[in-house]
Amino acid sequence: MEISYSSSTSCFEFALQSLRWLDNTILEYDDLIRKLKMGVRLLQSFDLYLTMCRRRRNHETCLEQDEKEKDVTSSRIQDLITRRMQDLEFAQSEHFIHPQSPDLTRIKSELTIFLEAIKLFFETDINESFINYLRDCYWLRDPELVMDFIDSVSENLAKIGVSHSKKLMFLKSFIHFAMLRGVEGQQLIDLLIHAEVVAINALRLFSIWWFNKAIDNNEVCKEMRLQISRLIDERINPGDPQVRETYIHVLTAAKLSRSSDISDLEKNKHLVADFMDHLVPNIMELLKSCTNTPVPIMNQMLKFVEGLRFLTILLRHQEKFKELCHEMKNLIGVVACDAAVVIFSLSVNQIKEGLAKETDLALFHLLKVLKFIRAEVTDPVTLLFSPFGFPRTNELGSMDFLLENLKELENCSETDYSIAFPKDQIHTVLEDLIVLRSFLVKIADQRNRNGKLQALWSRVMEVAHRAEFVIDSIVVGDKHEYLERVARDIQLLRTEALETYDSTMHDCGAQRTTQKSFRIESKCRTPMLNEVLVGLDDEVKAIIHGLTRGSKLLDFVSIVGMAGLGKTTLANRVCNDALILSHFHILARCTVSQVYSMHSLLVQLLCSISSRSPGEYLEMDESDLVHKLYKLLKRNTYLIFLDDVWEIKAWNLLERALPDDANGSRILFTSRIQLQFKPDTKAHHLRHLTDEESWTLLQKKLIGKDGFPPTLGEAGSQIAKLCRGLPLTVVLVAGILDNTAEDYWEEVAKSLTSSIVLDDEYCMKTLELSYSHLSDDLKPCLLYFGAYKEDENVPVRWLLWLWISEGFVRKIEGKSLEDAADDYLKDLVDRSLVMVSEQRTMGGAKTCQLHDLVHEFCVKKAKEENFLHVLHGRNDRFILTGPSNPLRVCDQNAGNLMIRELMLEFPNVRSLLLFNKDDLGFWLPELLRVLDLGELEFVAYFPMEVLLLAHLRYLALRVSEVNFIPAAIANLSRLQTFLLRGNTSDCLLPKTIWNIKTLRHLWTTNPVVGFIFPVENLEVSSGLNRLDSLSLAIGPSSQSLQKILTKLPNIRRLRCTVAASRQKHTGAEIPLFDCLRQLESLALHLFDVNIFNSYGFKLPLNLKKLTLTYEHLWSEISTIGKLPNLEVLKLLSCYYSSPGEEWEMKEEEFPKLRVLKLRGFLNFRKWTASSDNFPRLEKLVVQWCPKLEEVPSCLGECPTLEMIEVKRCRESVASSVKQIQQEQRDMGNEALKIIIEDCVDARSSSQEEEGESYPSQEV
């Protein structure tokens, strides 16, 4: 058998393609194949160098036989690959000729031989002496060859660190830039030699790393990583004087060269952009190292970085760059040279201590030029005074938000801003806008019936938005020249408004009209997702029959029907059926939707099976996830539920991860269209509800209506018929009726008749009606869901924080903004527009989501009202019909290039929500109020770019290994929410944190890390009186912690952990939490309660939720039991505690406790309680208590009990829970739910594949 490949495909590419195919087909040898692929790529890089390098002139004495040896080595490399691939191909063909044979020994043998052959080749042929000989006697010299070689080496380095690869690619971009600027002669040769030497040395070190990786010598691998890092840092970064001199000589020649042509720049402007993209990380690395840099110098540097990033965006924007004059284009090329010289001249010491005079002057000049270029490209006059399409959602709310901000500015200190602030002009604008706002309130009801009033309303809102942009621009340092013009326009409108009102209106009062006259107050309930299913029992039985009977081979059952029919509700009902739960060993589910990825689907499936956190799976690559899922499902009877499938491709992606063991496993999926995964796929076409079923569903949703008076019953029955058998329409209409006074039900029926019966899009028309019935405050809150992906479970707490930062939530006397926002959400849930998918232990929603059609409505309506623009992909161009100014932009899948172009077109974006992991290679608009960078991770450094965003109110970042926050965070003087995702170490806050008076939430998503407050100058530091939620780490200097807590008087939610750096504790260091009178939720992690004994365990009486991760916590359990308002208690042990622990409960303890969770008490044996304990208990969870004998039998008498869950406990515990269930049934409580998992006395010594050796932390 001969191996063959086309002339355009090298033996290396053919080998890599074959290995990739084998890796996807045979999962057992993924590690072996991965090592082999790296070895092939490594040989490919060496072969490229051997083929292209030429003898240096000063080495004419090299023997001819040495030249031949170089060529022979190249031939032997190619021959090795070809021969080994022939044998591997033969082994593969034998296996697939006899597919019934599961034996893969021959294939594994050939893979191993292949790997050993490559290792031997490196030992004998491409050893260190050979590489040194090549480096001394040969070179590439030709720029194109050097850049090709850099590409090849970079691809190898990416396997051990993306940053190494990127830094090597900087040399390629530098060569490109130098050639484009006309650099030639010795300067170019010096740069080429430097780049080539760095690349060949990096390749040599990588080959040693790979060789030791192949033989699992981890110590040498670690050393090689360090050597590669050292090589990159010393020979690419300009810290070395010789390297810096080479770079600056090239840049000087590039600046002075006359052979640089503007037409070349226009054709190759992306090369200049690439070079500048690689410059920015150089300066950012310097800034990361400067922890104590004076804030003015830091701000100067950040503005420099911001200017460079702006230029890269401009260079990549085809239309904007084409509009520039020749002089401006040439200036950009010169600026790139000057910027590089400044960056290469900087050092850490300079930035810390003050810039050298020459560098300082050069930087000052560059900043002026960058600002000039930016003004030429984004002219604020054109932007602000041309026709503008401002958001039309909750316009009075937007006006109120502006007025609040202007009042804050009017009261600010002159020293708060480095510019002369025009307070008098702002005061005049504020007064005029207050008058105009009063006018708008008076005409709110009449404007829709009067064209003149409507036009005047629109002009007032437009000028108010212009005023906001002009004034906010002044705050960040722009000139005042446009404020006078805006102020004059506002004065003219004020005069016109008063005249119009006098001539056409009567005084209607100045109250804000945000509610319809027929609206009634929300009941503030939180029904769970898909809570009601009416009828369809026949459908449930048929689907269960299809899943549990028939062929033993893997088979499919589908539920097909139009949107809004209740496919997902029905499927969930089936999956939760007792027969299904007992028939299948494993039940996994995921939501597919129209936009999906293989990685996301795998993570969803694994999370639904395993108790591991999603974060663990998100870090794994796709092939590892496939392997993990395959092993979990292998030899188990499983049911996979795929919700909302739109195409067969989704199944094709997942198929290789799902084994078919001929044991009756099934795939259940829902779809709007019939998909044939197999010719005999069973499809259940979901029927519409009958009129009677629609009426029954409507009544069930109208909770609290005890029987209908004949007139209302007749109207309700008629409304149910108009819903045409669509459950979603029924539910939406119920939401309208449930929040509408009964006198107006007939009016609602008329609206339905005119909108639904005459139109096929029943649900969309009903949604439009539901939206029109919302108060103005609720409309932006609903539309904001359009920023999230379809079917996404939205974390409620962060959503409410976003609403507050956006200014959607009105201040209500006696109520916090967070509570007001929660009421808004409950109102939307009441109207069945939002579904609660997970509830909190303290009540209320933890996560929520929208039905597909509601989400689709929100996206369309948000775009129509210019409220929010969602970018879905690179090809989904930002098309605007007419003048527009997108204030809120959400990037769900668009990628970096799309955002760059958007920022250049619309620099006044106020909210930016990202969901991708794309690199932060774009310019951040300086007027941003909300910034969520999603999954983009900053490893070991804080993104300094955000510290220039003076208007920022909400900042969410994903970081890793960041242990301090820069002092320049004080620039964000309006910040309300600071959310750190995923950090692995505690973060020290700067002393300037006390200057951010607006802070409401300082939170980390990792439950075992937090923020360490500074202790310097505590006596003179003012408090953070608005702080509501805090993740706190007790640092090494916690003697002052009590003083810190007294400066946070209004904290309601506190999570406290011991900082990793803290050593042994003393009683005097432990905080007394009873000073926090507003505290409702407290979590204490990694404490030893014994350290409280001498000092007292004092908690505030207002506490409602307490989570303890403690050693020896039983000593204070009685103190906890006396808390009068405690509703939720989670006791989570994290250490092996003393043997024979017993919990003997006393009378009148835990009077209001609803939820109790015990986890991880490995020596907890006996639990004694009486019928007086837990009078209100609703839920009990006991996990990882392997020595506990039983749950107290008195729980059988508890009248409020709803659920008991036990996991990894003794069989006797499970028996006691079943006995309690029986007692509850005897009392008439048939609804008590019990969950029992892995409760056996005899334990295997080895954990399951997905089992945990010990329970993980929780929030």
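Residues numbered from 1 in each chain as written. Predicted model: local features only at pLDDT ≥ 70, side-chain atom pairs only at ≥ 80, totals over all residues. Heavy atoms only, no water.

Asks: Provide a residue-level description of the overall build of the protein chain, including the pertinent values.
Replies: Summing up its helical and strand segments, the protein chain has 42 helices and 30 strands in all. Residue burial in the protein chain is summarised as follows: out of 1259 residues, 56% are buried. The long-range share in the protein chain, meaning contacts at least 24 apart out of those at least 6 apart in sequence, stands at 70%. For the protein chain, the computed accessible surface area is about 53500 Å², with 49% contributed by carbon and sulfur atoms. (Helix = DSSP H or I, 4+ residues; strand = E, 2+ residues; numbered from the N terminus. Buried < 20%, exposed > 50% of the residue type's maximum accessible area, 1.4 Å probe, protein only. Contact = heavy atoms within 4.5 Å. Areas by Shrake-Rupley, 256 points an atom, 1.4 Å probe, with all protein chains shown as cover.)

Asks: Before we move on, could you go through the sheet that holds strand 8 (residues 794–795) and cite the residues and values that matter?
Replies: Spatial strand order, 8-10-9: three strands in an open sheet with antiparallel pairing. What marks the edges here is a single partner per strand, and that holds for strand 8 and strand 9 (835–839). Here strand 9 pairs with strand 10 (residues 845–849) via four bridges, running antiparallel. Of the residues in strand 10, the one forming a bridge with Glu838 is Thr847. (Pairing = 2+ DSSP bridges.)

Asks: A description of the nonpolar core should follow, citing residues and the corresponding values.
Replies: Formed by 223 residues in total, the largest nonpolar core has its most connected members in Trp210, Phe304, Phe978, Phe1013 and Trp1167. At 15 residues, the largest contribution of residues to this core is made by helix 8 (residues 186–214). Filtering out sequence-adjacent residues up to four positions away, Phe304 remains in contact with Ile283, Ala339, Val342, Ile343, Leu363, Leu366, Leu367 and Leu370. Counting residues in each nonpolar core, the second largest holds 73 residues, with Cys575, Cys763, Tyr771 and Leu802 among its members. (Core = buried A, V, L, I, M, F, W, Y, C linked by side-chain atoms within 4.5 Å.)

Asks: Would you mind going over a negative patch on the surface in detail, with residue names and values included?
Replies: Taken together, the side chains of Glu1142, Glu1144, Glu1189 and Glu1190 make up a negatively charged region of the molecular surface. Relative to the helices and strands, Glu1142 is located in strand 25 (residues 1141–1144). (Patch = residues over 30% accessible without salt bridge, like charges linked within 9 Å, V, L, I, M, F, W, Y side chains within 5 Å. Salt bridge = Lys/Arg side-chain N within 4 Å of Asp/Glu carboxyl O. Lys, Arg positive; Asp, Glu negative; His and termini not counted. Charge placed at Lys NZ, Arg CZ, Asp CG, Glu CD.)

Asks: Outline the side chain of Ser152, listing residues and values.
Replies: Mapped onto the fold, Ser152 is located in helix 6 (residues 143–157). Classification of Ser152 as buried rests on a relative accessible area of 13%. The residues touching Ser152, leaving out its near neighbours within four places in the chain, are Ser45 and Leu48.

Asks: A description of the environment of Ala940 should follow, citing residues and the corresponding values.
Replies: Mapped onto the elements, Ala940 comes out in the loop between strand 14 (930–939) and strand 15 (954–960). Given the relative accessible area of 48%, Ala940 is considered partly exposed. Between the C-alpha atom of Ala940 and that of Asn983, which follows or precedes it by 43 residues, the distance is 9.5 Å. Each residue touching Ala940, except ones within four places of it in the same chain, is listed here: Ser960, Glu961 and Val962.

Asks: How would you explain the packing of helix 15 (residues 326–345) against helix 17 (residues 357–377) if you had to name every residue and give the values?
Replies: Where helix 15 contacts helix 17, the two axes come as close as 10 Å, and the packing angle between them is 150°. In this structure, the crossing between helix 15 and helix 17 has a hand that is left-handed. Side by side, helix 15 and helix 17 meet where Met328, Leu331, Ile332, Val335, Asp338, Ala339, Val342 and Ser345 of the first sit next to Thr359, Ala362, Leu363, Leu366, Val369, Leu370, Phe372, Ile373 and Glu376 of the second. Here the contact of helix 15 with helix 17 is composed, by residue class, of 13 nonpolar, two polar and two charged. (Axes fitted to C-alpha atoms, helices over the stretch in contact; angles between N-to-C directions. Left-handed = near helix turned anticlockwise from the far one by under 90°. Nonpolar A, V, L, I, M, F, W, Y, C, P; charged D, E, K, R; others polar.)

Asks: Help me get a handle on the pairing of strand 15, residues and values and all.
Replies: Summarising burial for strand 15: seven of the seven residues are buried, a large majority. Side chains Tyr954, Ala956, Arg958 and Ser960 project from strand 15 onto one buried face, and the interleaved Leu955, Leu957 and Val959 project onto a second face that is buried too. Note that strand 15 and strand 16 (residues 977–981) share five bridges and pair parallel. Residue pairing for strand 16: Arg958 is matched across the bridge by Arg981.

Asks: Go over the sheet that holds strand 4 (residues 586–591), please, and point to the residues and values.
Replies: Here five strands make up an open sheet; going across it, the order is 4-5-6-3-7 and the pairing parallel. The outermost strands of the open sheet, each flanked by one partner alone, are strand 4 and strand 7 (682–685). The sheet shows a mean angle of 15° between the axes of neighbouring strands, direction not considered. Sheet topology places strand 3 (residues 555–560) next to strand 7; four bridges connect them, and they run parallel. Bridge pairing in strand 7 places Ile559 opposite His684. Sitting on the sheet, helix 26 (residues 598–609) touches strand 4 and strand 5 (638–643), and the angle it makes with strand 4 is about 145°.

Asks: Could you give an account of the confidence of the model for the protein chain, naming the residues involved and the relevant values?
Replies: This prediction gives the protein chain a mean pLDDT of 81; 82% of its residues lie at or above 70. Taking the mean pLDDT of every element in the protein chain, the minimum, 50, falls on helix 18 (residues 380–385) and the maximum, 97, on strand 18 (residues 1001–1004). Counting contacts from residues 1063–1069, a segment whose pLDDT is below 50, to residues more than four positions away or on other chains yields eight contacts. (pLDDT = per-residue confidence, 0-100.)

Asks: Any details on the state of the cysteines? Residues and values, ideally.
Replies: Considering all chains together, one arrives at zero disulfides under this definition. Left unpaired, Cys1198 is separated from the closest cysteine sulfur, that of Cys1194, by 8.4 Å. When its relative accessible area of 5% is taken as the criterion, Cys1198 is described as buried. (Disulfide = S-S within 2.5 Å.)

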